[in-house]
Amino acid sequence: DGGITQSPKYLFRKEGQNVTLSCEQNLNHDAMYWYRQDPGQGLRLIYYSQIVNDFQKGDIAEGYSVSREKKESFPLTVTSAQKNPTAFYLCASSNAETFDTQYFGPGTRLTVL
Amino acid sequence: DAKTTQPPSMDCAEGRAANLPCNHSTISGNEYVYWYRQIHSQGPQYIIHGLKNNETNEMASLIITEDRKSSTLILPHATLRDTAVYYCIASAGAGNNRKLIWGLGTSLAVNP
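Residues numbered from 1 in each chain as written. Chains lettered and ligands numbered in written order. Predicted model: local features only at pLDDT ≥ 70, side-chain atom pairs only at ≥ 80, totals over all residues. Heavy atoms only, no water.

Draft legend 1. How the structure looks around unusual backbone geometry. Residue and element names in this part refer to chain A. That bond from Ser7 to Pro8 is cis: its omega, -10°, falls within 30 degrees of zero. Relative to the helices and strands, Pro8 is located in the loop between β1 (4-7) and β2 (10-13). At Asn28, a position not held by glycine, the phi torsion is positive, near 60°. Here Asn28 shows up in the loop between β3 (19-25) and β4 (31-37). (Helix = DSSP H or I, 4+ residues; strand = E, 2+ residues; numbered from the N terminus.)

Dropping the structure here:
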């Protein structure tokens, strides 16, 4: 089945530790995105990548880092510099012709203790 | 970038049509209206989008007013599984800076 996978679904970390969230897609999409969602809020864009080896900051990039070494993979690292990392993280992808039609993974709920 | 306004919540009886309104009075001529929905604790799901004309697919219909200042998403026969938050988004940016701006959406409760 084609789609986007995110792992793990739930993640717990101690304060001060970096953590990497996985996102893989087999839709052959060029563009990939990372969003953060806090309770009762809409999605906020962290980073996006429209092509391999290139990515741009979104609206809330501070404290996060990404890489795009392969077309199908776009991992997100939440660093210790992120002041409030506890949130629901969503990865999405889209093709180059219709960037705004995005397909989402199931999300990773990160809790920092 | 056009901003959208949606009611925070709506109710609908199962089997009836759900009509979800969205205001986007500042939308520009080249901005599309997109609808997504998010079932609790899941990733959002694309529903439909349109520019000027009404659109229909297997999930829903999108009615856009002639002046493009508002639109309505119609779920023709709502089921309990349609209970979700529905987001109306005007596509923002151009070229390499395109991004979606997500508001708080409308929480739709479909009741038995």
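Draft legend 2. How the structure looks around the environment of Leu20 of chain B. Residue and element names in this part refer to chain B. Relative to the assigned elements, Leu20 resides in strand β2 (residues 18-23). Relative accessible area serves as the criterion here: at 0%, Leu20 is assigned to the buried category. As for Leu20 and Gly43, which are separated by 23 residues in sequence, their C-alpha atoms are 20 Å apart. Apart from residues no more than four positions distant in its own chain, Leu20 is found in contact with Met10, Trp35, Ser71, Thr72, Leu73, Leu75, Tyr86, Thr106 and Leu108. (Buried < 20%, exposed > 50% of the residue type's maximum accessible area, 1.4 Å probe, protein only. Contact = heavy atoms within 4.5 Å.)

Draft legend 3. Up close: the packing of aromatic side chains. Per the stated rule, a full pass over the model turns up 13 aromatic pairs over all chains. For the ring pair Tyr35 of chain A and Phe104 of chain A, a centre distance of 5.6 Å and an interplane angle of 35° mean the geometry is tilted. Pair noted here: Tyr35 of chain A is in strand β4 and Phe104 of chain A is in strand β10 (residues 103-104), with a separation of 69 residues, a long-range link. Each member of the pair, Tyr35 of chain A as well as Phe104 of chain A, is classed as buried. Relative to Trp102 of chain B, the ring of Tyr87 of chain B has its centre 5.3 Å away and its plane inclined at 75°; by these criteria the two rings are edge-to-face. Of this pair, Tyr87 of chain B sits in strand β8 (residues 84-90) while Trp102 of chain B is found in the loop between β8 and β9 (106-111), placing the two residues 15 residues apart along the sequence. (Phe/Tyr/Trp six-rings, centres within 6.5 Å; stacked < 30°, edge-to-face > 60°.)

Draft legend 4. Broad picture of the side chain of Ser49 of chain A. Residues and elements named next belong to chain A. Here Ser49 lies in strand β5 (residues 43-51). Given the relative accessible area of 0%, Ser49 is considered buried. From its side chain, Ser49 meets the backbone oxygen of Ile51 in a polar contact 3.0 Å long. In contact with Ser49, other than residues within four places in its own chain, are Asp30, Ala31, Met32, Asp54, Phe55, Arg68 and Phe74. (Polar contact = N/O pair within 3.5 Å; in protein donor to acceptor, adjacent residues only side chain to side chain.)

Draft legend 5. Representation of the interface of chain B and chain A in the model. With 20 residues of chain B at the contact, the number on the chain A side is 21 residues. Both faces combined, the contact of chain B with chain A buries some 1,700 Å², and carbon together with sulfur accounts for 48% of it. At the surface where chain B touches chain A, the tally comes to zero salt bridges. Where chain B meets chain A, there are five residue pairs in polar contact (both at pLDDT 80 or more). It is strand β3 (residues 33-38) of chain B that contributes the most residues to the side of chain B that touches chain A, three residues altogether. Per-class residue counts for the side of chain B that touches chain A are eight nonpolar, 10 polar and two charged. (Buried area = accessible area lost by both parts, 1.4 Å probe. Salt bridge = Lys/Arg side-chain N within 4 Å of Asp/Glu carboxyl O. Nonpolar A, V, L, I, M, F, W, Y, C, P; charged D, E, K, R; others polar.)

Draft legend 6. Just the sheet that holds strand β8 (residues 76-78) of chain A, in detail. Residues and elements named next belong to chain A. Pairing is antiparallel in the open sheet, where four strands are placed in the order β1-β3-β8-β7. Whereas interior strands pair on both sides, the edge strands pair on one side only; in this sheet they are β1 and β7 (64-66). Going across the sheet, the axis of each strand differs from the next one's by a mean of 20°, ignoring polarity. One ladder, built from four bridges, connects β1 with β3; its direction is antiparallel. Bridge pairing links Ser7 to Ser22 in β3. (Pairing = 2+ DSSP bridges. Axes fitted to C-alpha atoms, helices over the stretch in contact; angles between N-to-C directions.)

No statement about biological role is implied by the geometric values presented.
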